[in-house]
Amino acid sequence: MPQKKHTQYCLKMKNILVIGSTGQIGSELTMKLRKEVPGSTVVAGYIKGAEPKGILFESGPSEIADVRDGAALHEIVRKYNIDTIYNLAALLSAVAESRPLMAWDIQMNGLINILEVARENGVAVFTPSSIGSFGPETPAVNTPQDTVQRPRTMYGVTKVSTELLSNYYYYKYGVDTRSVRFPGLISYVTLPGGGTTDYAVEIYYSAVKGEEFVCPVKAGTFMDMMYMPDALRAAVEIMQADPDKLVHRNAFNIASMSFDPEIIAAAIRKEIPDFKMRYEVDPLRQHIADSWPDSMDDSCARQEWGWKPEYDLASMTKDMIDHLRKKL
Ligand code: AKB
């Protein structure tokens, strides 16, 4: 089991707005920042219909923060003297294919609203990119940091554009934008919704419930994946990194494990020997997965800001199953 580290947070990250605080990443990142950043105010930004509940609601302030409403974002930034925004508002890859205009609106119009507020108020911004920012012409194995990015999904188009626009605001206006390309993220707290890598979360729920898992992508479909504690640490550490050491900014490849459905099923069977899986391929998800890297080279993140994952497939599987047994 990886050791819990005590991270030193930079002074700048004190008043933080997490947009999308009730989503898969936001729900855990908001709580982590509230617990670990001394003297911080971490505002849980949400949209109507996705209000924070329970401990997320009780442990700090929350505000409606729809990225499409730049004036409202401006007010929140002024009200709380925000210095850092985590912009986690997005439609994931599969759902973005069924609502491409909405994905563009949230991911691009939303982003430029945030970057404008950041420019006017001296705020640092983290907007995640993804393995989805690559496409079928990208080298699939050990995908380099700087390579071909010609995705054919709306999600991918918005992620490449996010990287470019965030870099533009850095070079033109000095806005402190930084980011990582997240692999598929696996956690037991909040379910993802509408992604291509969601199967790697759902498989654990089925296994712990004793149900057969119906896998939507074929055997042999390799994708990068990461356990949520590593992903959260990456999101925090990149914002704390010494800017003088950053050659890249938007966005760094980060990696910890790559597997196909057979490999994750075998890892689960080490803990739950009678786990069963069959395939019912979803053509959309398969098509998207086939256009993404099998495994990324994260050496730039390792060199420039000391990125290092703590979990591998075996330790993640054990932890996921332990937590889901308690939860379910
Ligand atoms: C998705 O599957 O859409 C996301 C991602 C890899 O960005 N989890």
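Definitions and limits used
The written sequence of each chain sets the order in which its residues are numbered from 1. Totals for whole chains, interfaces and linings use all residues, but because this is a predicted model, local features are given only for residues with pLDDT of at least 70 and pairs of side-chain atoms are given and counted only at 80 or more. No hydrogens and no water enter the side-chain calculation; it runs on all heavy atoms of the structure. Runs of E in the DSSP output that reach at least two residues are strands. Runs of H or I that reach at least four are helices, and both are numbered from the N terminus. Here a helix's expected span is defined as the number of its residues, less one, multiplied by 1.5 Å. Think of it in three bands: residues with accessible area under 20% of the maximum for their type are buried, residues over 50% are exposed, and the middle band is partly exposed, with areas taken using a 1.4 Å probe on protein chains only. Each pair of strands is called paired provided DSSP finds at least two bridges between the two strands. An automatic or database domain assignment is the source of the domain bounds shown. Contact definition: two residues touch when any of their heavy atoms are within 4.5 Å. For any pair of parts, buried area is found by adding up, for both, the accessible area (1.4 Å probe) each one loses once the two are put together. Each reported salt bridge corresponds to a side-chain nitrogen of Lys or Arg within 4 Å of a carboxyl oxygen of Asp or Glu. What qualifies as a polar contact is a pair of N or O atoms within 3.5 Å, subject to a donor-acceptor requirement within protein and to the restriction that residues adjacent in sequence count only when both atoms come from side chains. Gly is placed with the polar residues, together with every amino acid not listed as nonpolar (Ala, Val, Leu, Ile, Met, Phe, Trp, Tyr, Cys and Pro) or charged (Asp, Glu, Lys and Arg).

### Brief notes about helix α8 (residues 228-240)
End to end, α8 covers 19 Å across 13 residues, agreeing with the expected 18 Å (1.5 Å per residue, within 8%). With 12 of 13 residues buried, α8 lies mostly within the body of the structure. Three or more residues of α8 are buried, namely M228, D230, A231, L232, R233, A234, A235, V236, E237, I238, M239 and Q240.

### Quick notes on the sheet that holds strand β7 (residues 177-178)
Taken together, the six strands give an open sheet; going across it, the order is β3-β2-β1-β4-β5-β7, and neighbouring strands pair in parallel fashion. Edge positions in the sheet fall to β3 (62-64) and β7, since each has one partner strand and no second. Bridging between strand β4 (residues 84-87) and strand β5 (residues 124-126) involves three bridges; their strand directions are parallel. Bridge pairing in β5 links Y86 to F126.

### Observations concerning the domain arrangement of the protein chain
Here the protein chain is partitioned into domain 1 (4-182 + 228-253) and domain 2 (185-225 + 256-295 + 310-327). Between the C-alpha centres of domain 1 and domain 2 the distance comes to 25 Å. Taken together, the contact pairs 29 residues of domain 1 with 25 residues of domain 2. Here domain 1 meets domain 2 over a buried area of about 2200 Å², counting both sides, of which 61% is carbon and sulfur. Inspection of the region where domain 1 meets domain 2 yields one salt bridge. The closest approach of N and O atoms between R233 and E310, which form a salt bridge, is 3.8 Å. Taken together, the connections running from domain 1 to domain 2 amount to 13 residue pairs in polar contact (both at pLDDT 80 or more). Listed by contribution, the elements that provide at least two residues to the side of domain 1 that touches domain 2 are α1 (26-36), α4 (93-98) and α8. Its residues placed into classes, the side of domain 1 that touches domain 2 shows 14 nonpolar, 10 polar and five charged.

### Description of the sheet that holds strand β6 (residues 129-130)
Note: strands within a sheet are paired through backbone hydrogen bonds, in either parallel or antiparallel orientation. Strand order in the open sheet formed by three strands is β6-β8-β12, with parallel pairing between adjacent strands. Across the chains shown, the open sheet's two edge strands, defined by having one partner strand only, are β6 and β12 (252-253). Pairing between β6 and strand β8 (residues 180-182): two bridges, direction parallel. Within the sheet, the bridge partner assigned to S129 lies in β8 and is R181.

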